[in-house]
Every structure is written in structure tokens, then in C-alpha cells.
Amino acid sequence: MKKIIFLDIDGVLNPVINMNALHMMWIKSNRQIKSHDNFGQLFFDYNCQSLKTIIDETNAQIVISSSWRLNGEEAMKSMWKHRGLAGEIIGITPTVTEVVQSGQAEFYDMVCRGMEIDYWIKKNKFVGNYVIIDDTDDMLDSQKKFFVQTEPNIGLTMQDAQRAISILNA
């Protein structure tokens, strides 16, 4: 059975405290301590290891649902490879514009992340298990049982990873 992780990045692999701390270290070290690469802010290793645990135990593939997806699917795949991150990116969720143009929502401000994910599932005729990992709870009611919400200052923990594994392997 196919398994998908709909993955947010900021607040999941890139916790707010990490972003702020790395930026301050970069400034105070006269830009000697690396906080970014060509793709943007570096992710926190613990959170990346938590994602790797999910991938290792489920063989799930990744669909990026983060605003980082606006850089494009190929840029996301390049970043993943360059940074040596676990898993394979197989897609990105659609933009608000695409969801509205499809007729799934009447107005732009009606579109939540859950609608973008739902549209991706329908458009790709996905059948299988999925989990949504995000720090913001703007999912559809029907998606709540597939949702793991992270604490934005901490990101994806091993406890969150175990919940995601349980959902994917159910």
C-alpha cells in the first residue's frame, strides 16, 4: 500500500527557535556560522532525524505542503538531495489559485491547507494511507485522524514521529 507524508517545513523541520537562534549566531559571528544555504534556512537535525525515523519505518513518500513549495517541485527535490534528507519527494500541493480555479472553493480566503491537500489527493487519485504533519491546524474535519500537529517552537519530535508511524502503518 502506498503511503504519503504531507509535510510542512517551518515549525516542523525548521522550528521557530532554531530559525531565530541560527540567524542571531550568523549575525553575531560576523556571518561565519552558517544559517542558510542556497535553498534557504537550514533545518534542525533532530527534526530531520525524526522524519527519517518515519521514512525508515513506513517507506512513505513525501508531498510538500509547506509554503516552501512555492519555489517549485524541482527546487524542493534539489534541496532534499543537496541536504541529504530522508525520503523521496513525489510532489507538492497546489496553490490557493489552483484550488479556486478548480472550483473546490469560491474565494481565495476560503482555501485552507487541508483543501490544498484534499485537492492533491483527488487530482492524483491517491489511494493509500497518509499523514499530514504541520504546526498549524487548518485541516478539514475529515483529515483530523490523519493529522499530527507539531509545536512550532520545537518541531517534529520522536513522539510525533511515532504517532505518524502509527497512522501510516494502520
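Residues numbered from 1 in each chain as written. Predicted model: local features only at pLDDT ≥ 70, side-chain atom pairs only at ≥ 80, totals over all residues. Heavy atoms only, no water.

Trainee: Would you take a moment to explain the sheet that holds strand E5 (residues 89–92) for this structure?
Mentor: Within a sheet, neighbouring strands are paired by backbone hydrogen bonds and run either parallel or antiparallel to one another. Strand order in the open sheet formed by five strands is E5-E4-E1-E6-E7, with parallel pairing between adjacent strands. The strands lining the two open edges of the sheet, one partner per strand, are E5 and strand E7 (147–149). This sheet shows a mean twist of 25° between the axes of neighbouring strands, independent of strand direction. One ladder, built from three bridges, connects strand E4 (residues 61–64) with E5; its direction is parallel. When the bridges of E5 are listed, Ile 64 appears paired with Ile 92. Across the face of the sheet, helix H3 (residues 73–83) comes into contact with strand E1 (3–7), E4 and E5 while running at roughly 145° to E5. (Pairing = 2+ DSSP bridges. Helix = DSSP H or I, 4+ residues; strand = E, 2+ residues; numbered from the N terminus. Axes fitted to C-alpha atoms, helices over the stretch in contact; angles between N-to-C directions. Contact = heavy atoms within 4.5 Å.)

Trainee: Looking at this structure, I do not really get the packing of aromatic side chains. What am I missing?
Mentor: The description of two aromatic rings rests on the distance between their centres and on the angle between their planes. What the rule picks out here adds up to five aromatic pairs. Aromatic pair Trp 120 and Phe 126: ring centres 6.3 Å apart, planes at 50°, arrangement tilted. Classification of Trp 120 as buried rests on a relative accessible area of 8%. On the basis of relative accessible area, Phe 126 is assigned to the buried category, the value being 12%. Through successive ring pairs, a cluster of aromatic residues spans Phe 6, Trp 120, Phe 126, Tyr 130 and Phe 146. One residue, Arg 31, lies across the ring of Trp 26, its end atom 4.7 Å from the ring centre. Here the basic side chain of Arg 83 rests over the ring of Phe 43, its NZ or CZ set 4.5 Å away from the ring centre. (Phe/Tyr/Trp six-rings, centres within 6.5 Å; stacked < 30°, edge-to-face > 60°. Buried < 20%, exposed > 50% of the residue type's maximum accessible area, 1.4 Å probe, protein only. Lys NZ or Arg CZ within 6 Å of the ring centre and 35° of its normal.)

Trainee: Teacher, can you tell me more about the pairing of strand E6 (residues 129–134) here?
Mentor: The side chains of a regular strand alternate between both faces of the sheet. Of all six residues making up E6, six are buried, and the element is well covered by its neighbours. Taking every second residue as pointing to the same face, both faces of E6 are buried, with Asn 129, Val 131 and Ile 133 on one and Tyr 130, Ile 132 and Asp 134 on the other. Where E1 lies against E6, five bridges are found, and the strand directions are parallel. Looking at E6, one finds that Phe 6 is bridged to Ile 132. Pairing of E6 with E7 involves three bridges; the strand directions are parallel. Note that in E7 the partner of Ile 133 across the bridge is Val 148.

Trainee: Can you help me understand helix H5 (residues 113–123) in this one?
Mentor: Each turn of an α-helix holds 3.6 residues, which means side chains three or four residues apart point in the same direction. Buried residues dominate H5, accounting for nine of its 11 residues. Buried within H5 are the following residues: Arg 113, Gly 114, Met 115, Glu 116, Ile 117, Asp 118, Tyr 119, Trp 120 and Ile 121. Positive phi shows up at Lys 125, right after H5, with a value of about 50°.

Trainee: Help me out: how do you make sense of the environment of Phe 6 in this one?
Mentor: Position of Phe 6 among the secondary structure elements: in strand E1. Distance from Phe 6 to Gln 41, taken between C-alpha atoms, is 20 Å for residues 35 residues apart in sequence. In contact with Phe 6, not counting residues within four places along its chain, are Val 63, Ser 65, Thr 93, Ile 117, Trp 120, Ile 121, Tyr 130, Val 131, Ile 132 and Ile 133.

Trainee: I'm lost on the nonpolar core in this one. Help?
Mentor: Looking at soluble globular proteins, one finds that nonpolar side chains tend to be buried together. Judged by nonpolar contacts, the single largest core of 29 residues is most densely connected at Ile 5, Leu 7, Trp 80 and Ile 133. Among the elements of the structure, E1, helix H2 (45–58), E4, H3, E6 and helix H6 (158–168) are those that each provide at least two residues to this core. Within the second largest apolar cluster, 11 residues are counted, among which are Ile 4, Ile 121, Phe 126 and Phe 147. (Core = buried A, V, L, I, M, F, W, Y, C linked by side-chain atoms within 4.5 Å.)

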